[in-house]
Structures are given as C-alpha cells and as structure tokens.
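Each chain is listed here by its residues.
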Amino acid sequence: MTFGGVVAVKDVSFSVAPGEIVGVIGPNGSGKSTLINVMTGFYRPTHGSVSLDGETLSGLSPEAIRRAGIARTFQNLRLVQEMSVRENAVAGLYLQITGGRSLTQRWLADMFATPAARRRAAAARDAAELALAQVGLQDKLDQTVSALSYADQKRLELARAIALRPKVLVLDEPTAGMSVDEADELIRMVTALVESDGEPMSLFLVEHRLELVLDVSHRAVVMDGGQVIADGLPDDVARDPHVRSIYVGGE
Ligand SMILES: Nc1ncnc2c1ncn2[C@@H]1O[C@H](COP(=O)(O)OP(=O)(O)OP(=O)(O)O)[C@@H](O)[C@H]1O
Ligand SMILES: [Mg+2]
C-alpha cells in the first residue's frame, strides 16, 4: 500500500486460520493500521490482494467485506455519543442485517412495518444485548454513550463488532488509553470469547502491549517499517533478535 511516494506496507504476506488468535505488534508508523484498512476495504491495495475462504475481497466496499465476515474496531472511537449503549450496538448490526439502503431509512421503516421487519428488529436487539452482556455492559444498556467511561466506550465498540458474529474479528489497539488492569481484563475477555464461541472466530489483534499479546496469542506477527519482520509462535518471536532490538533496545 503506497500513499503518493510513501510505502506504508510492503511485501506483507500471511494467513489467519479459523479460530486462530494472531497478535500483531510493531512500533508507531510500522503499518499496522494500514494493513487493517486494506484487509477491511477502507483502503484498496496498490498491489496484492486479500481473500477470505478463497474469495477475493480486495476492491469490495467495507460494508461488503463486513457482510462477508470480517468485523473491525477502530483505533479512534467511532460511536454516536448522543445515542444509548443499546442503540449504538443495534445500529452496528442493522447495516449488516438490512444491507443496501441507508440505516435511518431502514430503521424508521422497520419500526412501523411488517411482522418480518419487526422480527428482524427484535433479532438485532437480542444479538446486540447478548454481545453487550459479553463485554460486561448489561447494566448500562440505556446509558448515553457520552456518559460512559472511556474504557466502557472501548467495550461498546468491541460489542458492536462481536455482535456481527464475524469469521474474523479485527481489533486495532482496543486497549489504547486504558489502564494496565483494564487492558488486561479486556484482552482476556475477548480471547476467552473467541475461544469459546460455537462457530470458529479468528482474532486479528493489533496491540501495543507486547507481554499481553505474546501471552494470549496463538501466533505473533511483528511489523517494522511496513514489513513483517517476524511471524511465529509467541515464544519464538519473543526471542527473535530483530524483535528484541525494537522492544528491549538491543541484545
Ligand atoms: N492515509 C494515509 N496517507 C498517507 N500516509 C499514510 C496514510 N495512512 C498511513 N500512512 C503512513 O503509513 C505509515 C504507516 O502508518 P500506520 O498508521 O499504518 O502505522 P501503525 O503501525 O498503525 O502506527 P500506530 O502504532 O501509531 O497506530 C506511516 O508512515 C503513515 O504516515
Ligand atoms: Mg495504528
């Protein structure tokens, strides 16, 4: 992926197996978010391609990719501050369930519409509430987002993605701005959820906290300067000289 003359990500190649937890680490500007934007259709790759279950995804819209089974969160929160926790979670699902037309159009139509539409709305609400309970927000469903703590807002963003029951859950620094304890709790909750889910869900987790990533991941990918410099079992990656030179300041 290049931007004008800037090569943000170069010669990156990897795969994620069903149910696998892949932890991605790397210094600021190493291309982690760019990689996620390419995987989820926010950027169209300059070269190369992304596929899911053998189907090529690159070139599709973010919404089509989400419907194909890749759900993401953003490094910076994208919530509607003046809506409630429940409404935010339902809105995220609505795009997926109703497809094409604009969210408001569909939502308004469904509120007054046919039994099928009402069942659809009820299903979205149930799925949203289940996901909110899974991230520990069951007691805050009617709170306005702006009244939530930052950590709870990050949990809500996560619930929106989980509610979609994606094949691949892609998280871009879900614990940024959280305390060490909050971060630890959130990551352990997500990984437990991924591992316990009936349908295999893969997790692609970009996270700054090296120890935490190595602890919860089945595999670790390390990026530096837009390239993958290590990809393997967390223990092996932790011993890699190049990785050590970045994270512990040399041998
Ligand atoms: N839309 C864009 N236009 C121009 N350059 C970009 C764009 N997006 C990313 N870049 C550049 O690509 C490189 C990789 O950025 P990216 O945001 O992917 O890094 P990152 O690993 O996510 O960093 P961080 O840890 O700070 O989130 C940087 O040099 C960045 O300036
Ligand atoms: Mg980033």
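Residues numbered from 1 in each chain as written. Chains lettered and ligands numbered in written order. Predicted model: local features only at pLDDT ≥ 70, side-chain atom pairs only at ≥ 80, totals over all residues. Heavy atoms only, no water.

1. Observations regarding the domain arrangement of the protein chain
At step 1: Segmentation of the protein chain into domains returns domain 1 (1-69 + 166-251) and domain 2 (80-164).
At step 2: In this assembly, 18 residues from domain 1 lie in contact with 14 residues from domain 2.
At step 3: Buried surface at the junction of domain 1 and domain 2, both sides included, amounts to about 1,400 Å², of which 65% is carbon and sulfur.
At step 4: Our enumeration of links across domain 1 and domain 2 arrives at 0 salt bridges.
At step 5: Put simply, domain 1 and domain 2 have 2 residue pairs in polar contact (both at pLDDT 80 or more) between them.
At step 6: Mapped onto the side of domain 1 that touches domain 2, the elements with two or more residues apiece are α2 (62-68), β7 (168-172) and α7 (180-196).
At step 7: Take the side of domain 1 that touches domain 2: its biggest share by element is 6 residues, from α7.
At step 8: Its residues assigned to classes, the side of domain 1 that touches domain 2 shows 10 nonpolar, 2 polar and 6 charged. (Domains from an automatic or database assignment. Contact = heavy atoms within 4.5 Å. Buried area = accessible area lost by both parts, 1.4 Å probe. Salt bridge = Lys/Arg side-chain N within 4 Å of Asp/Glu carboxyl O. Polar contact = N/O pair within 3.5 Å; in protein donor to acceptor, adjacent residues only side chain to side chain. Helix = DSSP H or I, 4+ residues; strand = E, 2+ residues; numbered from the N terminus. Nonpolar A, V, L, I, M, F, W, Y, C, P; charged D, E, K, R; others polar.)

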